[in-house]
Amino acid sequence: MKSYRKELFFHTKTRRAYINITPQVEEALVESGIREGLCLVNAMHITASVFINDDESGLHRDFERWLEKLAPEKPYDQYDHNTFEDNADAHLKRSVMGREVVVAVTEGKLDFGTWEQIFYGEFDGKREKRVLVKIIGE
Ligand code: ZN
């Protein structure tokens, strides 16, 4: 069995962002040389997510509004976590949107359902963050 590991780096200009990282994951898959197996993609931070959904800008605005209703960023003092930090909302948003995705690798390609794309969800950006890509198979 082969194994391949790669880190992707993100530094968003905004506190929150939704980035389609499918091309970077496909690039990692090509580099791995793996044709049959599994591809794990996970955020390496507790204030960011990796999730699969549609690459449609209206939907991304809907996610943003929905997450802000569930866990509004402000006022900061509404959260017990915000004593030395101001990112409690980002921890909560990450919990809703998830830590990782696993995609099957079939004949050297990510075996997606219709319209599926992989996204990095940033909820506490403006600094360097990492995503892990781990591919196993043969
Ligand atoms: Zn925190």
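Refer to the preceding data block for the structure.
Note that the structure is predicted; figures quoted are calculated from it, not measured.

What counts as what
- Residues numbered from 1 in each chain as written.
- Predicted model: local features only at pLDDT ≥ 70, side-chain atom pairs only at ≥ 80, totals over all residues.
- Heavy atoms only, no water.
- Donors = N, O, S within 2.8 Å, 3.2 Å for Na, K, Ca; no water.
- Tetrahedral: all angles 85-135°; square planar, octahedral: opposite > 155°, others 65-115°.
- Buried < 20%, exposed > 50% of the residue type's maximum accessible area, 1.4 Å probe, protein only.
- Helix = DSSP H or I, 4+ residues; strand = E, 2+ residues; numbered from the N terminus.
- Arc of directions from axis to C-beta.
- Pairing = 2+ DSSP bridges.
- Contact = heavy atoms within 4.5 Å.
- Axes fitted to C-alpha atoms, helices over the stretch in contact; angles between N-to-C directions.

**Regarding the coordination of the zinc ion**
For the zinc ion, the full set of protein donor atoms is H81 (NE2), E85 (OE), N87 (OD1) and H91 (NE2), at a range of 2.1 to 2.2 Å. Viewed at the metal, the four donor atoms of the zinc ion are separated by angles of 83 to 159 degrees, and the geometry they form is irregular. For the zinc ion, the single-chain donor residues occur in sequence as H-x3-E-x1-N-x3-H. The class for N87 is buried, based on a relative accessible area of 3%. When its relative accessible area of 18% is taken as the criterion, H91 is described as buried.

**Looking at helix α1 (residues 22-32)**
Residues T22, V25, A28, L29 and S32 constitute the buried set of α1. An end-on view of α1 places all buried positions within 120 degrees of arc, on one side of the element. The positive-phi residue at the C-terminal boundary of α1 is G33, with phi of around 70 degrees.

**Description of the sheet that holds strand β5 (residues 100-106)**
Within the open sheet, the five strands sit side by side as β1-β8-β3-β5-β6. Their pairing is antiparallel. Each edge of the open sheet carries a strand with a single partner, namely β1 (2-10) and β6 (109-110). Alignment of strand β3 (residues 37-43) against β5, held across six bridges, turns out to be antiparallel. Paired with C39 across the bridge in β5 is V103. Packed on one face of the sheet, α1 meets β1, β3, β5, β6 and β8 (129-137) and runs near 150 degrees to β1.

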